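For reference, the chains in residue letters:
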Amino acid sequence: MKNIRNFCIIAHIDHGKSTLADRLLEFTSTVAKRDMQAQLLDNMDLERERGITIKSHAIQMQFPYKGEIYTLNLIDTPGHVDFSYEVSRSIAACEGALLIVDASQGIEAQTISNLYLAIGADLEIIPVLNKIDLPHAMPEEVTDEIVDLIGCKPEDILHASGKTGIGIEAILNAICDRIPAPKGDPQAPLQALIFDSVYNSYRGIEVLFRIKNGTMRKGDKVKFMATGKEYGADEIGILGLNQEPRQEMSAGNVGYLISGIKEAREVKVGDTITHVNRPTPDAIQGFADVKPMVFAGIYPVETTEYEELRSSMEKLQLNDASLVWEPETSVALGFGFRCGFLGMLHMEIVQERLEREFNMTVITTVPSVQFHAIGTKDQMLTINAPSEMPEPNLIKLIEEPFIKAQIITASEYVGPIITLCMEKRGIIKGQSYLTSERVELSFELPLSEIVFDFFDKLKTISRGYASLDYELIGFREADMVKLDVMLNGEKVDALSAIVHRSKSYDWGRRLCEKLRELLPRQMFDIAIQASIGQKIIARETVKALRKNVIAKCYGGDISRKRKLLEKQKEGKKRMRSVGSVEIPQEAFLAVLKID
Ligand code: GDP
Ligand code: MG
């Protein structure tokens, strides 16, 4: 155990975590040269296509150092703010962290938030200045920033390039030298933390664990403490490039367990595994509950696929502990699920994974944050969907979630960013200079104003030179109203939204305009109306399609027709009929495209 090192790699998105992990795997010959491919650990199709890490990935390496062999368990983590829950779980399985900072960018918002997670878990931090091969790298400036941030000495910071391989051996040496060996007693009763799990259709559910105390042997009878369920440890092993079975594993190690678990809901990430015969009295402290930021309904396109969707969501949840959901019914869409996500990217990824990994075609409804409605008798209702909002005469007030936002940017963009935050009903709380050119701003903002497109706007006005991190700080009273949408006189509950009164008329008008663009023309006129209570505040019409128009569009233009056929081949269309009107997926997300 004295030669085991468990560490993770944390950084802001794109600072080079996954590439650096590749070099470590290569240097330790964990992966043969011919099997090497860029961002090797990002093995999910979606990750490779988008070039981002969504899941944490674990892999074990062997490294000879000062005449001994060290076992290094590496966990690569995502950088995007939506996936910080993945990061915090990975951190719980480690004693140290490589903190990577791009030498051409400097410290960014998620550098700081991930560092705080690591410090909070008492990890030994090894700062690494990465991408020093870049001609516009600024090693001196960024070194100063890092020294200021973590209070280390400049000599403690390693210089590296994941691209050219500079500094890789020094990083491996530092991991052995500076990160403490895991503590724990191999003879004590078994205590292993479940930090992740995966559904595998051939092998059943695979559980990833980190042993804190005790020893687990193949064939042992084990128990999951939160659920009380018992299983046989049919196969245990370490996570190499592939899974490598072992006869036994003890305190300090990271590995996988396969035990014929079929039901996704029996595995809870954060649970403790112990022995049936010699159980530990103490469960390991699990993970903080996830706080979803955005809620939306997910509905099957085919109403008959409801049960299949449920079981797909259960399996997906195994691998994505930050996804929460409960059944919901919509007058317009029937049976579905109300889901909580950590942000819009998370919502997009969940929808795509359901489609790719589970072959489901689903519709996501208008996303919304959570509100509190305080009733006339002071009772509090949590509102996760606009349809749950009581009539105005039944409530005293509404509260909306507020966040504290940290924005790091170049000083020339401070003015426009403050203006943007004011437009979003924000309050500026602080401004401090990291260097003469880089500024950290802090704001308090309503979550509903930033969760949808704020980050895109921020990037546009700062030409990409701004990073954002945020955390929930509580609920505050706000003058919100429910905006309903009617199509041909019929209210479509899945299109309702809760918006601030000062913006509601403008919103209603623009939402109707957007819907007019997004709803396909049909054989009859479609009247689109927005209303607040009984009052209609905006109206648009989608004109009926005339026969010769159809002929032209489907008969005349060959390339367009081919495109349409290709679209159909890709799978079922994301479209739902409500009454006689067909509503495509884009229309449900129209609110995101306003202004
Ligand atoms: P992650 O989001 O932190 O995992 O970052 P990636 O490893 O996916 O890298 C982001 C981008 O930076 C990719 O285009 C890499 O090719 C590039 N990159 C990573 N490390 C280096 C480096 O040391 N030097 C240079 N020049 N580019 C790098
Ligand atoms: Mg990555």
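Remember, it's a predicted structure, so these values are computed and weren't measured experimentally. (Residues numbered from 1 in each chain as written. Chains lettered and ligands numbered in written order. Predicted model: local features only at pLDDT ≥ 70, side-chain atom pairs only at ≥ 80, totals over all residues. Heavy atoms only, no water.)

Lay out the site of ligand 1 in plain terms, naming residues and giving numbers.
In the vicinity of ligand 1, 15 residues are found, and the nearest of them are Asp-14, Lys-17, Thr-19, Asp-133 and Gly-162. Taking Lys-163, its main chain carries an N or O atom lying 3.1 Å from an oxygen atom of ligand 1. For ligand 1, whose unbound accessible area comes to 580 Å², protein coverage reaches 80%. Here the element with the most residues in the shell around ligand 1 is helix α1 (residues 17–27); it accounts for 3 residues. (Near = heavy atom within 4 Å. Polar contact = N/O pair within 3.5 Å; in protein donor to acceptor, adjacent residues only side chain to side chain. Areas by Shrake-Rupley, 256 points an atom, 1.4 Å probe, with all protein chains shown as cover. Helix = DSSP H or I, 4+ residues; strand = E, 2+ residues; numbered from the N terminus.)

Explain the nonpolar core residue by residue, including any values.
Ranked by size, the top nonpolar core spans 89 residues in total, and within it Leu-354, Ile-407, Ile-417, Phe-454, Tyr-470, Leu-487 and Ile-583 carry the most contacts. The element best represented in this core is strand β23 (residues 395–410), accounting for 6 residues. Ignoring anything within four residues of it in the chain, the contact list for Leu-354 reads Ile-298, Leu-309, Ser-312, Met-313, Leu-316, Asn-359, Met-360 and Val-362. By size, the runner-up hydrophobic cluster in this structure holds 31 residues, among which are Met-36, Leu-74, Val-128 and Ile-171. (Core = buried A, V, L, I, M, F, W, Y, C linked by side-chain atoms within 4.5 Å. Buried < 20%, exposed > 50% of the residue type's maximum accessible area, 1.4 Å probe, protein only. Contact = heavy atoms within 4.5 Å.)

How would you summarise the confidence of the model for the protein if you had to cite specific residues and measurements?
Across the protein, the average pLDDT comes to 89, with 95% of residues at 70 or higher. Note that pLDDT drops below 50 for residues 549–556; the model gives that stretch 8 contacts with residues more than four away or on any other chain. Listed scores for the predicted complex are pTM 0.82 and ipTM 0.99. (pLDDT = per-residue confidence, 0-100.)

Describe the pattern of salt bridges, listing the residues and the values that go with them.
Here the structure, examined in full by the defined rule, presents 37 salt bridges. The salt bridge involving Lys-66 is made with Asp-177; its shortest N-O contact spans 3.5 Å. In this pair, Lys-66 sits in the loop between β2 (57–65) and β3 (68–76) while Asp-177 sits in helix α6 (residues 168–178), placing the two residues 111 residues apart along the sequence. A residue is classified by how much of its surface remains accessible, and Lys-66, at 64% relative accessible area, is exposed. (Salt bridge = Lys/Arg side-chain N within 4 Å of Asp/Glu carboxyl O.)

Any chance you could break down the UniProt feature "binding site: GTP" (unreviewed entry) in the protein for me, citing the residues and the numbers?
As recorded in UniProt, the sites labelled "binding site: GTP" (unreviewed entry) are Asp-14, His-15, Gly-16, Lys-17, Ser-18, Thr-19, Asn-130, Lys-131, Ile-132 and Asp-133. Mapped onto the fold, Asp-14 is located in the loop between β1 (4–11) and α1. Contact partners of Asp-14, with chain neighbours within four places excluded, come to Asp-102 and Lys-131. Relative to the elements of secondary structure, His-15 occurs in the loop between β1 and α1. On the basis of relative accessibility, which here comes to 2%, the residue His-15 falls in the buried class. Discounting chain neighbours no more than four positions away, the residues touching His-15 are Ile-100, Val-101, Asp-102, Gln-105, Gly-106, Glu-108, Thr-111, Asn-130 and Lys-131. (UniProt positions renumbered as here; feature names shortened; annotations may be inferred.)

Explain the pairing of strand β15 (residues 254–258) to me, and be specific about the residues and the numbers.
Counting buried positions over the 5 residues of β15 gives 5, a clear majority of the element. Neither face of β15 is left uncovered, since the one carrying Val-254, Tyr-256 and Ile-258 and the one carrying Gly-255 and Leu-257 both have all their residues buried. Pairing of strand β8 (residues 204–213) with β15 involves 5 bridges; the strand directions are antiparallel. Paired with Glu-206 across the bridge in β15 is Ile-258. One ladder, built from 3 bridges, connects strand β12 (residues 235–239) with β15; its direction is antiparallel. Paired with Ile-236 across the bridge in β15 is Leu-257. (Pairing = 2+ DSSP bridges.)

So what's going on with the sheet that holds β1? Which residues, and what values?
One open sheet holds the 6 strands; their spatial order is β2-β3-β1-β4-β5-β6, and the pairing between them is mixed. Lying at the two open borders of the sheet, with one neighbouring strand each, are β2 and β6 (158–159). Both β1 and β3 contribute to a ladder of 6 bridges, which runs parallel. When the bridges of β3 are listed, Phe-7 appears paired with Leu-74. Here helix α5 (residues 139–150) sits on the sheet in contact with β4 (96–102), β5 (124–130) and β6, set at roughly 165° to β5. (Axes fitted to C-alpha atoms, helices over the stretch in contact; angles between N-to-C directions.)

Could you give an account of the sheet that holds β12, naming the residues involved and the relevant values?
One open sheet holds the 8 strands; their spatial order is β11-β10-β16-β7-β8-β15-β12-β13, and the pairing between them is antiparallel. Taken across any chain shown, the strands that pair with only one partner, and hence form the sheet edges, are β11 (230–232) and β13 (243–246). Sheet twist, expressed as the average angle between the axes of neighbouring strands with direction ignored, equals 40°. Across 4 bridges, the pairing between β12 and β13 is antiparallel. By the bridge assignment, Ile-236 is partnered in β13 with Arg-246.

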